[in-house]
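# What the coordinates show
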Amino acid sequence: MINDSNKHYKFIFTQDGSTGLYNYDADDIYHSVFGAKEEAEAKFVRPLNLRKFFIKKQEIKVLDICYGIGYNTKALLKKLIQIKYKGKIKIDLLEYDKELVLTSPFIKDGFFKQYPQISFMLFNALFDEISNDSNLVSSILCDKNNIKFLEPFYRAFIKRFLFGRYVYIPEYILEAFLHNIYYHCISQRNKRTVKCLRNNNFVLTPYFDDARNTIKRLTGEYDIIFLDAFTPSKLPTLWSLEFFIELYRLSSLNCILVTYSNSAAVRHAMLNSGYYVGKLFDKDKRPCGTIASKYPDLIENKLDGYDIGLINTAAGVYYKDKDLCCSSEEILKEHEKRKKCLNLESSSQYIKRNKKEQTHACV
Ligand SMILES: C[S@@+](CC[C@H](N)C(=O)[O-])C[C@H]1O[C@@H](n2cnc3c(N)ncnc32)[C@H](O)[C@@H]1O
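Residues numbered from 1 in each chain as written. Predicted model: local features only at pLDDT ≥ 70, side-chain atom pairs only at ≥ 80, totals over all residues. Heavy atoms only, no water.

It is worth spelling out the site of the ligand at this point. Within the structure, the ligand sits among 19 residues, and His31, Cys66, Glu95, Ala211 and Asp228 are positioned closest to it. Between the ligand and Tyr96, the relevant distance is 3.1 Å, taken from a nitrogen atom to a side-chain nitrogen or oxygen of the residue. Isolated, the ligand exposes 600 Å² of accessible area, and the fraction of that covered by the protein chains is 97%. Its residues placed into classes, the shell around the ligand shows 10 nonpolar, four polar and five charged. Domain assignment of the residues forming the shell around the ligand places at least three in each of domain 1 (9-207) and domain 2 (211-362). (Near = heavy atom within 4 Å. Polar contact = N/O pair within 3.5 Å; in protein donor to acceptor, adjacent residues only side chain to side chain. Areas by Shrake-Rupley, 256 points an atom, 1.4 Å probe, with all protein chains shown as cover. Nonpolar A, V, L, I, M, F, W, Y, C, P; charged D, E, K, R; others polar. Domains from an automatic or database assignment.)

Below you can see the structure in the form of structure tokens.
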């Protein structure tokens, strides 16, 4: 389904004031309603324990799967700046929606006030792509309905070009806008930004394709993997056993993979692809995702007997995607068929039975 503005998504505000998105096709939100920024920091970056495990590394290689408007990458950069990381950062981002990626530096995301350099770093890294595909970005930036979702710093530039006294030919509006920002923020004249860019040795490489196609072509060993795909039961394409086998291949020995999903089916696929798997908890000790690594010592809360029991119920039947090219519908259909054949105990029965057994044990 497409909305009035011919987009398959719309911008929304999340509760921490950062901009989120809703997708009409997937009928799914891209970020937690409680806060897009807060979610990236709590579920994706905090579990990495960067100060302990990464600060001494000379280079950190990151795979950001489903980059969207870049919250996980931004939250990671913020933390690396905070802990004064001195090494190189190389981020490969996988996202089939180019428009979102190219808009990401300009979004009102809650990082800009304290860390404007994050936006400038992304803008600098994506500058050529943005200039070459300026229609994509201008369709978002120049839409009056979107103004409130853009970082106020950029709004001023946009307003000046759109509504100012200069008359520009539409194609040149964005070009003038981009060059103006570049001149103000990134060119040699702005020493602070240049220093930050050099110190961080930052390389961002975008791959605008189905992440399944990209993943087959990649060869590097990554230290951090963010997996932020849509809900597994709605769009299982990036949660299959075959996909995790590829991620395992691309993981360095000390790699940490994090995702917001608590799904038993996802954890089962991770385990079967070779990873050690653990649970993530938020500040209030509520489950908030899953962590996986080749190296068990990097996982604080490993899955326990109860979690493994859950994985062995019908809820833990993982998705399969032979050759990584099936449609979501095909994956879900095959999954349902396999679940029926296996005829496993349901998760609700398992939870009830477990509660009963625990009560008996206490009496
Ligand atoms: C839940 S959102 C992720 C939000 C994102 N991390 C952010 O900070 O904005 C899922 C994203 O995955 C992208 N996506 C979904 N399926 C994909 C696929 N097969 N390959 C590449 N990107 C995909 C969507 O376009 C969307 O941006």
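Okay, back to it.
Moving on, we come to the side chain of Ser261. Counting through the fold element by element, Ser261 comes out in the loop between strand E8 (251-259) and helix H12 (264-272). Within the local environment of Ser261, its side chain forms a polar contact with the backbone nitrogen of Ser263, the two atoms lying 3.1 Å apart. Filtering out sequence-adjacent residues up to four positions away, Ser261 remains in contact with Pro232, Trp239, Val266, Gly289 and Thr290. (Helix = DSSP H or I, 4+ residues; strand = E, 2+ residues; numbered from the N terminus. Contact = heavy atoms within 4.5 Å.)

With that settled, consider the nonpolar core. Ranked by size, the top nonpolar core spans 106 residues in total, and within it Leu63, Ile65, Leu76, Phe106 and Leu247 carry the most contacts. Structurally, this core is a two-domain feature, drawing no fewer than three residues from each of domain 1 (9-207) and domain 2 (211-362). Setting aside anything within four residues of it in sequence, one finds Phe106 in contact with Phe123, Ile130, Val137, Leu141, Leu150, Glu151, Tyr154, Phe177, Leu178 and Ile181. (Core = buried A, V, L, I, M, F, W, Y, C linked by side-chain atoms within 4.5 Å. Buried < 20%, exposed > 50% of the residue type's maximum accessible area, 1.4 Å probe, protein only.)

The next point concerns unusual backbone geometry. Positive phi is not limited to glycine here, since Lys84 has a value of about 60 degrees. As for its position among the elements, Lys84 is in the loop between helix H3 (71-82) and strand E5 (88-94). Its relative accessible area of 58% is what places Lys84 among the exposed residues. Even without being a glycine, Asn343 presents a positive backbone phi close to 50 degrees. By the element assignment, Asn343 lies in the loop between helix H14 (328-342) and helix H15 (347-362). For Asn343, a relative accessible area of 66% corresponds to the exposed category.

The strand order E1-E2-E3 describes an open sheet built from three strands, whose pairing is antiparallel. Each having just a single partner strand, strand E1 (9-13) and strand E3 (28-29) make up the two edges of the open sheet. Pairing analysis gives two bridges linking strand E2 (residues 19-23) to E3, with the strands arranged antiparallel. Across the sheet, residue Tyr22 finds its bridge partner in E3, namely Ile29. (Pairing = 2+ DSSP bridges.)

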